[in-house]
Amino acid sequence: MNERSELVWQILSLAPLRDPGRLQALGEALDSEPDFSFTHTGRSDPPARRLNSGVAELLTESAGRQDPHQPEIWFLARRETPHIRLDIYLADDGRLLRDMPHTLNAAISDPRWFDSADRLAKLSGYLTRVADAAGAFYGYCAQSEILDQRQQQLERNAGPIFGGILRAGRVAEDLQRELPDVYWWNYFGPAFVERWSDRLDGLGASRERTPAGTVAVLGTESPFVYDIHAKRVDSYTWKAPFYAALGTDTFMHERQAQRGVGELVPDFEAHRRAAGFEASPVGKGQNFELRLVATKPTSVDAAAKWLARRKEITVPARLRKGASILYQNPDTAVQAGFVVEEVGEFAVLRFDLPLRKPSFFAVEAMPLCVELAERHGMLVSMDGQTHGQAPNVTTLVAAWEKANVEAISSSGEAIPRMTRERSDRWWHYMRRKADLHKRLGDDVFVPKLVAVAPGRRTEDLRLHVTWTDGVPLVLPQCDLVTLLEGRRPSEFKIRGTVEYSELRKALRPYLDSIEVDGLGELPLLKPERAKDAMPVFNEMPARSLDHVEVAPAAWVDVPIR
């Protein structure tokens, strides 16, 4: 271990944590071990207010003041050995944020304190209690060097699919398709246990089945197993039994063939049902529906084969009646589905496009629907029409937009809102982010553009990026920029947030530009100018972070009546 080594843990939940008693139970679990009890709290990082009572009282007091349609965040710290930093992110429980889990992220900066099996057992038992109390579906704890090494190996060896934090390789897992890896402490929720049954038996150094129907597995006796000579993610021999029992492609690695949603791991609906939520309804009021009816002999297989050429398309193994061919763009969060209605000589597909979404959902997805219909001799019908019409993008986008406004206005929900201009800018940038990275290479940071709610107010969302350690970067037009200090993800610390306009003004002498289709010229801090611009990063006045992140494309961009 080096002096910067940490033990990092994350717990993810889709449980209804705003239900009565749930936050109190989570707080009690966080208070359950005196050696890990927190001493300070706050709404910004680092937390400055002394925590005189326990976390349970803090969360219980907050529960009654929460708006279920707004996310919440708490920062906690322990300023005694072992030192711990924790942030608790409570996601919006609304349907439009259903794919944003609640998260607990923590780092213990005194790993040498865990110098005995008893202290490690104390930590693993504590994490399991916290995960059970959170109704978690997944969690892990690992030495920071192993997490950093994994990221570097994926960045170095994986293809540029949809980007990483600073490099081209795909380093961010899609938890509806895969898990990140195997670690020291691994927590599998009820849906995993149901899916894998006895395949978890015999894995790792030890296992514990909990009353919550979960399994916690220690992959190794100790978390301190970092091997500087490991060349690949799967070089650690102790991981091999997990890969063999649960499937190699269940976990991210350099040669992984990523599978479809729910194929190797439970999807979020399965985790949500196991945690106490009912499955989300799909039907009238939720989706805009079109029927694509073949006017010449056209098989479902032929249509599916044409669609499958798109990387965003997932085709099921069997194309029988009721099967769904899914369109999912991880860059823009746009989703749509082609549902098989007739598999005979004249195929019939139903095209489902969600409502209560940003306007770009139709702008992105509808051309694919129209091109499919045109290439396979299909007419399009909607609203129960008995006779179809020739497919036309403009007409169909306008029809979706009308239905979208009606669905938003009649929902009665406090849906997060963003201006159309900001929403479109987010979409144009995110759909071109991966290509922009290819153009600029690994030496320039192409940041992710994120929607945030300043002061947890979701009625006027803003756009936000991060800038880490003054690295060369593209600076897309946004509203806020958070400055991060640290050379690797496990040690990133938030210095504060600045206005985009102020930062761009301060950087003006050092900026070039790059032309991006749909966005015009974007400011660019090239590697050869980054060193000269470091004083701007170091001296820029920043205020405390007071915003929370909103899930990608989980807003609307039309006025709500």
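Right, let's walk through the structure included here. (Residues numbered from 1 in each chain as written. Predicted model: local features only at pLDDT ≥ 70, side-chain atom pairs only at ≥ 80, totals over all residues. Heavy atoms only, no water.)

## Some thoughts on the packing of aromatic side chains
Stated formally: Think of it this way: a Phe, Tyr or Trp ring, Trp meaning its six-membered ring, pairs with another when their centres are within 6.5 Å, and the plane angle makes it stacked under 30 degrees, edge-to-face over 60, tilted otherwise. Relative accessible area decides the class of each residue, using a 1.4 Å probe on protein chains only: under 20% of the type maximum gives buried, over 50% gives exposed, and in between gives partly exposed. We count a charge as sitting over a ring when the NZ of a lysine or the CZ of an arginine lies within 6 Å of the ring centre and within 35 degrees of the ring normal.
Counted according to the given criterion, the structure contains 21 aromatic pairs. When the centroid spacing of 5.8 Å and the interplanar angle of 35 degrees are considered together, the rings of Phe 360 and Phe 361 count as tilted. Its relative accessible area of 2% is what places Phe 361 among the buried residues. Here the aromatic cluster, defined as three or more aromatic residues joined through ring pairs, consists of Tyr 138, Tyr 140, Tyr 183, Phe 188, Phe 192 and Trp 196. Over the face of the ring belonging to Trp 113 we find Arg 119, whose NZ or CZ atom lies 4.0 Å from the ring centre. Its guanidinium or amino end placed over the ring of Trp 238, Lys 239 lies 5.8 Å from that ring's centre, counting from NZ or CZ.

## What about helix 10 (residues 393-411)?
Condition: Secondary structure is summarised from DSSP: a helix means a run of H or I of at least four residues, a strand means a run of E of at least two, and numbering begins at the N terminus for each. Any helix carries an expected span of 1.5 Å times its number of residues minus one. Note that the arc is defined by the directions from the helix axis to the C-beta atoms. Any pair of residues with heavy atoms lying within 4.5 Å of one another is described as a contacting pair. In protein, a polar contact requires one atom able to donate a hydrogen and another able to accept it; more generally it is a pair of N or O atoms within 3.5 Å, and residues adjacent in sequence count only if both atoms are side-chain atoms.
An ideal rise of 1.5 Å per residue puts 27 Å on 19 residues; helix 10 measures up with 26 Å between its terminal C-alpha atoms. Every buried residue of helix 10 is listed here: Leu 396, Val 397, Ala 399, Trp 400, Ala 403, Asn 404, Ala 407 and Ile 408. For helix 10, the angular spread of the buried residues around the axis is 165 degrees, confining them to a single face. Among the exposed residues of helix 10, those pointing more than 90 degrees away from its buried face are Thr 394, Lys 402 and Ser 410. Where helix 10 is buried, its residues contact strand 11 (287-294), strand 15 (348-354), helix 9 (360-375) and strand 16 (378-381). The backbone nitrogen of Thr 394 lies 3.1 Å from a side-chain oxygen of the residue at the head of helix 10, namely Asn 392. Backbone geometry just downstream of helix 10 places Gly 412 in the positive-phi region, at approximately 75 degrees.

## Quick word on the nonpolar core
What counts, and what does not: What is meant by a nonpolar core is a set of buried Ala, Val, Leu, Ile, Met, Phe, Trp, Tyr and Cys residues, joined one to another through side-chain atoms within 4.5 Å.
Ranked by size, the top nonpolar core spans 92 residues in total, and within it Phe 338 and Trp 467 carry the most contacts. The greatest single-element share of this core, amounting to 10 residues, is contributed by helix 9. If we skip the residues at most four places from it in the chain, Phe 338 touches Leu 292, Leu 307, Ala 323, Ser 324, Ile 325, Leu 349, Arg 350, Phe 351, Leu 368, Cys 369 and Leu 372. In this structure, Leu 7, Leu 17, Ile 84 and Leu 218 belong to the second largest nonpolar core, which totals 42 residues.

## Digging into the side chain of Gln 10
Looking at the element boundaries, Gln 10 is found in strand 1 (residues 7-13). Gln 10 gets classed as buried once you look at its relative accessible area, which sits at 16%. One polar contact links Gln 10 to Asn 105, side chain to side chain, over a distance of 2.7 Å. Excluding residues within four positions of it along the chain, Gln 10 makes contact with Leu 104, Asn 105, Tyr 138, Gly 139, Tyr 140 and Trp 185.

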